[in-house]
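# Structural characterization, general
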Amino acid sequence: MGRIIDATGIQFRMLNTRKGPAVQAPRAQADKQGYRLRMKSVVENQPGLMVQQGTVRKLLIRDRKIFGVETDLGYRYGGDAVIVTTGTFLKGLIHVGLSRFPGGRAGEPPAVELSDNLRSLGFIIGRLKTGTPPRLHGASIDFKDLVLQKGDPDPHPFSFSTKTIQREQVPCHITYTTPRTHEIITKNLDRSPLYSGRIRGVGPRYCPSIEDKVVRFPDKERHQVFLEPEGLDTEEIYANGISTSLPFDVQKELVQSIPGLSHARIMRPGYAVEYDYVSPLQLFPSLETKIISGLYHAGQINGTSGYEEAAAQGLIAGINAVQAIQGRSPLVLDRSEAYIGVLVDDLVTRGTEEPYRMFTSRAEYRLLLRHDNADLRLREKGYRIGLVSEEEYEAFQEKKERIGRELGRLRKTFVFPIADVNEVLEAEQSAPLRNKTSLFHLIKRPELDYAKLAPLDPTRPKLNRGIRSICEIEAKYDGFIQRQTAQVKRYREMEGIRIPEGIDYGMIQGLSREVVEKLERIRPASIGQAGRISGVTPAAISILLIFLKNRRSRIG
């Protein structure tokens, strides 16, 4: 996925560059059709993979173990593992104004029978809602007075295997709604399926429709609209920020009340889609279901919102389906290793009753989960399960060694309080030295960085941008990183205290009925996971620890 976005992206930007490294992240604007076709080619040319198309209506189960699927044409496909990634198609219902029709996406039919099949197997089914904004014709937009947002001049690739971004980059534009826009929306709320009671599903809290924004934030005079090109070979513009399910005539009126869009033509109206999802509390951390062995769920079926969250789950479910077939242990990333670990743990431990989105603020150890060190955290695991080639792994090992050598060199390279050194520091508005100081320690100063210290470090090796960045961050945030590393150690100690699978929580004296019900439903694998279940108190964790200690003593 990283390599394909690097090959087909049309704008790359590093977000939050004015903030610390824990919340910085690369963003790419995809050429939607280009990405789809490139990925389609990769999938179809993957050795050992057979691609078929059809609508699945039924899972084939024997003794609570899956052995395949059946399509609406009655054709059966056998399999030792099945991954269900239904997106918004399970009983999908599209709303535009007070009109509604079955569909999982515009122009595509829903999957109806599969939802009923999952319910009959004992899965807990809920209902969610998401939406999409209108697509506009680029030639009908007046861009000249809008805020231009260009990509980075030297873009960061997503994949560590990509050396440089070669694609042409195009700008995005920013505009804003107006009081007139809000007046149009308010006047027509009775025609909105959201406010007329026609939509029952719960919508996303963090990516609400423009109707929701206007109603929930009445004092806000304007809302940002981000105009994103859909690709290099299309005039279609995605109007990010005005997701709506209002009738088409109202959409036209509200769009044309926005600066730059007074003559904009809607190519496709926005719409809302309601769909079924399955409670993620019925999953193991491997994303295998607890009810049916060999069955995995990934994406919106687990209550998440967004392509990125779906892609992350698809990757983990795919890996673990293969691991199971090969008789190997599942790959489970924990909260200190990856945002994927945070995402999956949140879902299987806490569940969700609204579309879930991943944010940096959900991670306790986000300073350790930076985009620049993702390969240092995860490439070893990728190599072990066969997703990283020998050549890529050797390059990674060399990079790791160079980082280690450079950090060691910075710690051991000292500068002294002499005139030449203090002149360089004074030029950077940094305090003069009074004692000999390592370069590693000097980088910690807010006004200094790796590049600014080059005059004091004439023997430094030639390193690429990625290695320089990691070394600078490791030095500058050394104290914070050490503190988070210590927190991770305590977290892993709690994760290491495993809870036996068949434990009867009702027999443990001192646990409240509410705690017992939650522990019985979720069946946490460790004390750490139990402690993250909403409503399981520190006192309950203490009782569990005492019970497990006494149990081990009796068994011993």
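First, a word on scope: everything that follows refers to the structure included in this document.

About the criteria used
- Residues numbered from 1 in each chain as written.
- Predicted model: local features only at pLDDT ≥ 70, side-chain atom pairs only at ≥ 80, totals over all residues.
- Heavy atoms only, no water.
- Helix = DSSP H or I, 4+ residues; strand = E, 2+ residues; numbered from the N terminus.
- Expected span 1.5 Å × (residues − 1).
- Buried < 20%, exposed > 50% of the residue type's maximum accessible area, 1.4 Å probe, protein only.
- Arc of directions from axis to C-beta.
- Contact = heavy atoms within 4.5 Å.
- Axes fitted to C-alpha atoms, helices over the stretch in contact; angles between N-to-C directions.
- Parallel < 35°, antiparallel > 145°, perpendicular 65-115°, else oblique.

Turning next to helix α14 (residues 478–495). Here α14 is 18 residues long and its end C-alpha atoms lie 25 Å apart, about the 26 Å a rise of 1.5 Å per residue gives. All of the buried residues along α14 are Asp478, Ile481, Gln484, Val488, Tyr491 and Glu495. Burial along α14 is one-sided: seen end-on, the buried residues are contained in an arc of 130 degrees. Turned more than 90 degrees away from the buried face of α14, the exposed residues are Gln482, Arg483, Lys489 and Arg490. Where α14 is buried, its residues contact α10 (390–412), α12 (439–443), α13 (465–476) and α16 (527–531).

To continue, consider helix α15 (residues 513–522). Residues of α15 that are buried: Val515, Val516, Lys518, Leu519 and Ile522. Along the long axis of α15, the arc covered by the buried residues comes to 165 degrees, so they all point the same way. Buried residues in α15 make contact with α8 (339–350), α16 and α17 (538–555).

We now examine the packing of helix α7 (residues 307–325) against α8. Put simply, α7 and α8 touch, their axes get as near as 10 Å, and they point 90 degrees apart. Our classification of the angle between α7 and α8 gives roughly perpendicular. Along the contact surface, α7 presents Glu309, Ala312, Gln313, Leu315 and Ile316, while α8 presents Ile340, Leu343 and Leu347.

Turning next to unusual backbone geometry. Unusually for a residue other than glycine, Arg64 sits at a positive phi of about 60 degrees. Mapping Arg64 onto the fold places it in the loop between β3 (56–62) and β4 (65–71). Its relative accessible area of 43% is what places Arg64 among the partly exposed residues. For Arg523, which is not glycine, the phi dihedral falls at a positive 50 degrees. Locating Arg523 in the fold gives a position in the loop between α15 and α16. In this structure Arg523 comes out as partly exposed when scored by relative accessible area, which is 25%.

The subject of this paragraph is the side chain of Asn117. On the secondary structure map, Asn117 appears in helix α3 (residues 113–120). Accessibility expressed as a relative area gives 12% for Asn117, which makes it buried. Apart from the residues within four sequence positions on either side, Asn117 is in contact with Arg57, Lys58 and Leu59.

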